[in-house]
Structures are given as C-alpha cells and as structure tokens.
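Structural overview
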Amino acid sequence: MSYDLVIKNGVLVTPEATIQANVGVKDGRIAAIASEELSGRRVIDAAGLYVLPGLIDGHVHFRDPGLTYKEDLATGSQAAAAGGICTFIDMPNTKPPLSTVEAFQEKKSLGESKACVDFGVVAVVVQDNVDLIPELATTGIVGYKVFMGETVGAIPAPDDGAMLEAFGLISKTGLRVGLHAENNQIMQHLIKRFKAQGRTDALAHLDSRPEVAEADAIQKAILFAEYTGAKVHIYHMSSKKGAELVGQAKKAGIDVTAETGPHYLLMDGPTDMPKLKSMLKMNPPVRAREHGAALFQGLLDGSVDMIATDHSPHTQEEKIKDNIWEAIPGFCGVETSVPLMLTQVNAGRMTLNQYVKVASENPARVWGMYPKKGRLAVGSDADFTLVDMGKEGVIRSERLHSKSKVSPFDGYKVKGMPVYTIVRGNVVMKDGEVNSTPIGKLVSPQAR
Ligand code: DOR
Ligand code: ZN
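Below is a short write-up of the structure.

Criteria and thresholds
- Residues numbered from 1 in each chain as written.
- Chains lettered and ligands numbered in written order.
- Predicted model: local features only at pLDDT ≥ 70, side-chain atom pairs only at ≥ 80, totals over all residues.
- Heavy atoms only, no water.
- Near = heavy atom within 4 Å.
- Polar contact = N/O pair within 3.5 Å; in protein donor to acceptor, adjacent residues only side chain to side chain.
- Areas by Shrake-Rupley, 256 points an atom, 1.4 Å probe, with all protein chains shown as cover.
- Nonpolar A, V, L, I, M, F, W, Y, C, P; charged D, E, K, R; others polar.
- Helix = DSSP H or I, 4+ residues; strand = E, 2+ residues; numbered from the N terminus.
- Buried < 20%, exposed > 50% of the residue type's maximum accessible area, 1.4 Å probe, protein only.
- Contact = heavy atoms within 4.5 Å.
- Donors = N, O, S within 2.8 Å, 3.2 Å for Na, K, Ca; no water.
- Salt bridge = Lys/Arg side-chain N within 4 Å of Asp/Glu carboxyl O.
- Phe/Tyr/Trp six-rings, centres within 6.5 Å; stacked < 30°, edge-to-face > 60°.
- Expected span 1.5 Å × (residues − 1).

1. Describing the site of ligand 1
- Looking at ligand 1, there are 14 residues lining it, with Arg63, Asn93, His180, Asn283 and His314 nearest.
- Within the side chain of Asn93, a nitrogen or oxygen atom sits 2.9 Å from an oxygen atom of ligand 1.
- In this structure, an oxygen atom belonging to ligand 1 sits 2.8 Å away from a main-chain N or O atom of Asn283.
- Burial of ligand 1 by the surrounding chains reaches 100%, relative to a free accessible area of 290 Å².
- Residues belonging to the shell around ligand 1 are distributed by class as follows: three nonpolar, nine polar and two charged.

As structure tokens, this is what we get:
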C-alpha cells in the first residue's frame, strides 16, 4: 500500500507514551503507525524531531467578520499555522457577534474560504438569544460562551435569571458553555474609584480586577452547573483561587474544565505591568508570580485542563496609551504559545507527554472534537505538529503573521520550536514558511 504522506524516523508523543515509529496518511487520516518502513507519495524525514498530535488553541479572537482591521480568518489562521497550531476555536465577540444561526453560517463560510487550518466555532449567549440555544446546537458549534464581565466588544452579561435558564437549555444540548468569569460589579466599582483618585498607571488595571472578582464568578458558574447539569468551562483562568475552586468542583463530580495561557503562567503582573504598561493589559489581568505557579501546578495535577492563548489582536494605536484606562485589553498569542511552552518543557517544568495532553488531547476532548482531533492513532485526522526541541530562537513581534504586531513576549528567548504544521495530511507550515491555501474546515462536535 502506498500512502499519500509518510512521516518517517520521528518520535511520536502521546500523553501516555513516547515511541519511535513511522506514520502513514491516507485521505487526510492516519492510516498506519508502524515500526517498519512505509512508502508514500510524499515522505517527510522527521529524524531528530518529535511528532505531536496536532496542537489546538481553544481560544482565539480572529475578528472576522466586522473587525478585520485587527485580524481576519486568513491572517489569524496563518499565525496559528506558523505557531504549530492545527486547529483553533474562534470567539464570538465579532461584529455582529456570533449569536444567531445566520451569524454561524457566515462564520463557517468565511472560515472555509480563508482559513489555512481547521477551526471550531463558539456562539455567544446574551440576554435576548437564550431561546436560540437549542437551534444553535444543531448548527455545528462546539459550545457556547457567556461574558460574565465586560470586556472587548462590550457584550453585556445576561442577568442571573437568563444565565441560569441558559445553563438549563445548554445542559440538554450536551455542549459545553465557557465563561469569561469576572464579577462585573466589583470591577466597575473599583475602576470608578481609581479613576476618581486620578490613577492612570498600569497597575491600576490589575488592582481593579482582583482575584476575588474571578473567584466569585467561577463559584457562581460552578453552582449553576451543579443545579442545571450544564458542562462548564472557565476561559483564561488567571488566579490561584480559580485553580483551587475548579479542582474542588472536579473532585465533587461537577463537569467543569478550565484553561490558562502562557502569559498567566510565565509573567509577573506586579513587575511586568509597570515595565510593559498597556502592552500587557489583558482581561483578566496577569497577576503575581504565585498565581502563575499555582496554575502551572494545576496543569500538572489536572485541575487546569489546557493551554489556550486568548489571542486578542488589536492595532498599535488601540493598545499603546499612557492612560491605562484608554488602552484596549488583549494581545497576540496564537503564534508564540508553542515555543514558549516547549521552552518550559526543555526547562524540565513538564514533560512533552504532559504538554501534549494539555495542548492537544484535552482541548479536543473538552470541545467535542476527540478522537477526530487530539489523538495520534489510526482513524484520527492526520494533524501533526512536528517540533525540534533543540531549535532556539527569539520572539520578535514584528515577525508575527498576525495583522497585529503586539506581543508582551517580544525579545523572549525560546528553545523548542514547531517546524511543521500538518492538517489532514496537508503541510501548512514548514520551517516557518506558511502555505496560506485555505484548506481549513469547520470541526463540529463528534457524538453528542
Ligand atoms: O483582554 C481581553 N481581550 N480579554 C477578553 O476577554 C477579550 C479580548 C478581546 O477580544 O480583545
Ligand atoms: Zn478571549
């Protein structure tokens, strides 16, 4: 049998095992994993490289439609490919927001005509679209999102009644609802206070969104999940208390999952915010080192399920302001996450097997894409991220593939880089060169 593609001599990494094997791809799927030689129309010699199941970024804002001066599904997906990401999940705070079936259809067709990697789609739940929840579930979305606290796009939080009703309806769909978990009243109160005091410094942003605001919102989401049976997910978890609450709820048998991002794991708000100023402004904020340490521990012990970047591109003009209140929150992440995390693997903070679990298998499971995505096994999509653990580099924001060139990691040294991004057997990135052909396909949940 001749395969469409063979990846030979690589070391395959799964959450459970590390094995030297050759991989045969046929019709976009993994058709063989074998120790003997395989023949193919195209052969990639992966000697010296690790073959990971295609990595997934479960949280990006590619701004399409409506805010494409910041990013679009072409540039965003190219940044993903450059960064070793085979599948992204796009957030709904676009213009218009993805809150209707029509908006879903537009996103699907925009994605399939522009994206060079695969993608999942999330629908937003607001006060007035709760009734659409059952119908939205039939479209092919991977889940729902509720903004409990105000952020970019000023999507208002549903009131508690609507949120509880929404959770009940969502529980019947079998899909998961993700929360932007910040208590709005606490934040708005503090923002008003600090503004009245004349504060415009960068740390005022961190001070205005304290850990308790996140903890309160997470607690409510978990409580509503307990009462409705809805599966919940905490987006961009930034605090130690958050990790504790999610860990406890999991032990109590509640189906709650959580993500955190490289900026929360690797940066220190109190020292980095005064240096990087509005560049590092993000909702929720990057907190003190101890939070990053607890979140990292959470990734290892399972209380935090995955790494997702919250890639939030904006223009330089929107981002860089002297007055912290005037700067927009968010920065790029999709292209820098994999090298940053591989650097942590090289530093001995997690194994490559653990990384594959939190960067591929878990996001696929949580968003209903497993085992099509997130698995190195016969029958799964032929998605691979090939990494060179010895390759060193420096993150340079001006070299990012995003329209936005804003990254707080500019100048960071990395060791361990993606060198191939392969989606359903298509080589989308090789040695940093991206093939922008829009081969990307919507990924819908597997069996509900
Ligand atoms: O800082 C943020 N920016 N946090 C969010 O939740 C949204 C994001 C954006 O869309 O820019
Ligand atoms: Zn986000």
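What follows continues from the structure just given.
2. Remarks on the side chain of Gln344
- Summarising the element assignment, Gln344 is placed in helix H13 (residues 337–346).
- A residue is classified by how much of its surface remains accessible, and Gln344, at 11% relative accessible area, is buried.
- Apart from residues lying up to four places away in sequence, Gln344 is in contact with Leu266, Phe296, Arg349 and Met350.

3. Considerations on the coordination of the zinc ion (ligand 2)
- Bound to the zinc ion (ligand 2) are the protein donor atoms His59 (NE2), His61 (NE2) and Asp310 (OD), situated 2.0 Å from the metal.
- All donors of the zinc ion (ligand 2) belong to a single chain; written as a sequence motif, their spacing is H-x1-H-x248-D. Considered together, His59 and His61 belong to a single accessibility category, that of buried residues.

4. Observations concerning the environment of Thr75
- Here Thr75 shows up in helix H1 (residues 73–82).
- Note on Thr75: relative accessible area 15%, which makes it buried.
- Sequence separation between Thr75 and Lys251 is 176 residues, and the spatial gap between their C-alpha atoms is 41 Å.
- When residues no more than four places from it in sequence are discounted, the contact partners of Thr75 are His401, Ser402 and Lys403.

5. Focus: the pattern of salt bridges
- In this structure the tally under the stated criterion is 21 salt bridges.
- Of the charged contacts in the structure, one is a salt bridge between Asp272 and Lys275, with a shortest N-O distance of 3.8 Å. Remark: Lys275 and Asp272 occur in helix H10 (residues 269–276); sequence separation between them is three residues, near one turn of the helix.
- Through salt bridges with shared partners, a single ionic network connects Asp118, Lys372, Lys373, Asp381, Asp383 and Arg424.

6. Here's the deal with the packing of aromatic side chains
- The final tally for this structure, using the stated rule, is five aromatic pairs.
- Between Phe62 and Phe88, the aromatic rings sit 4.6 Å apart at their centres with planes inclined by 55 degrees, giving tilted as the arrangement. Pair noted here: Phe62 is in the loop between strand E6 (55–60) and H1 and Phe88 is in strand E7 (residues 85–90), with a separation of 26 residues, a long-range link.
- Looking at Phe88, the relative accessible area reads 0%, which means it is buried.
- When the ring of Phe167 is compared with that of Phe224, the centres are 6.0 Å apart and the planes differ by 85 degrees; the resulting orientation is edge-to-face. With Phe167 in helix H4 (residues 160–173) and Phe224 in helix H7 (residues 211–228), the pair connects residues that are 57 residues apart, well separated along the chain.

7. Considerations on H4
- An ideal rise of 1.5 Å per residue puts 20 Å on 14 residues; H4 measures up with 20 Å between its terminal C-alpha atoms.
- Buried residues in H4 make contact with helix H3 (133–137), strand E9 (143–147), strand E10 (176–180), H7 and strand E11 (231–234).
- Capping the start of H4 is the job of one residue whose side-chain oxygen sits 3.1 Å from the backbone nitrogen of Gly161: Asp159.
- Gly174 sits one or two positions beyond H4 and adopts a positive phi of about 80 degrees.

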